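Residue strings, one per chain:
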Amino acid sequence: MHRMVHIEGARIGDGCLVASGSLVLNSSVIESGAMVAAGAVITFDGHVPTGCIALGVPAKNRENTLFPMDAVADIVEDYVATARRFRTSLRRVV
C-alpha cells in the first residue's frame, strides 16, 4: 500500500497494489493481485477481483486488463522493503 491510503475494515489480499489517495471502505474485498488506482474509492461491500484494476469515484472494475504481474510484484516488494527500512529507523519521540 502506498502512503495516504485510507482503509476501513476491508480485506486486502497478498500482492495487491493500493495506490496513493485511495479509499477502501468497510466490508470491501481486494483479492490477491488486484490493483486500486490512485484516488479510487471502493465503496461499502466493494469487490475487486484478481487481475482487475479499480478506477474512479465510486470505483468501477476494469476487467481483462493486461498488466504485467511481475511488475506489480516488483512494486509490492519495493513497498515492503521501504516499509521495513523506515520501521527500523523509527525512534520514539517523547
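Details of the structure are given in the entry above.
Let us look at the structure shown here. Keep in mind that what you see is a predicted model, and the values were worked out from it rather than measured. (Residues numbered from 1 in each chain as written. Predicted model: local features only at pLDDT ≥ 70, side-chain atom pairs only at ≥ 80, totals over all residues. Heavy atoms only, no water.)

## Brief notes about the packing of aromatic side chains
Then step 1. Scanning all chains against the criterion turns up zero aromatic pairs.
Then step 2. Positioned over the ring face of phenylalanine 86 is arginine 85, at 5.3 Å from the centre of the ring. (Phe/Tyr/Trp six-rings, centres within 6.5 Å; stacked < 30°, edge-to-face > 60°. Lys NZ or Arg CZ within 6 Å of the ring centre and 35° of its normal.)

## Notes on the sheet that holds strand S3 (residues 17-18)
Then step 1. Ordered in space as S3-S6-S9-S10, the four strands form an open sheet in which the pairing is mixed. The outermost strands of the open sheet, each flanked by one partner alone, are S3 and strand S10 (60-62).
Then step 2. Pairing between strand S6 (residues 35-36) and strand S9 (residues 53-55): two bridges, direction parallel. Considered in S9, the bridge of valine 36 is made with alanine 54. (Pairing = 2+ DSSP bridges. Helix = DSSP H or I, 4+ residues; strand = E, 2+ residues; numbered from the N terminus.)

## A closer look at a negative patch on the surface
Then step 1. Together, Asp70, Asp74, Glu77 and Asp78 make up a negatively charged patch on the protein surface.
Then step 2. As for its position among the elements, glutamate 77 is in helix H1 (residues 69-89).
Then step 3. Assessed through its relative accessible area of 53%, glutamate 77 is described here as exposed. (Patch = residues over 30% accessible without salt bridge, like charges linked within 9 Å, V, L, I, M, F, W, Y side chains within 5 Å. Areas by Shrake-Rupley, 256 points an atom, 1.4 Å probe, with all protein chains shown as cover. Salt bridge = Lys/Arg side-chain N within 4 Å of Asp/Glu carboxyl O. Lys, Arg positive; Asp, Glu negative; His and termini not counted. Charge placed at Lys NZ, Arg CZ, Asp CG, Glu CD. Buried < 20%, exposed > 50% of the residue type's maximum accessible area, 1.4 Å probe, protein only.)

## Description of the environment of arginine 11
Then step 1. Tracing the backbone through its elements, the reader meets arginine 11 in strand S2 (residues 11-12).
Then step 2. Linking arginine 11 and leucine 25, residues 14 residues apart in sequence, is a C-alpha distance of 9.9 Å.
Then step 3. Here arginine 11 is in contact with Ser28, Val29 and Ile30, once residues within four sequence places are set aside. (Contact = heavy atoms within 4.5 Å.)

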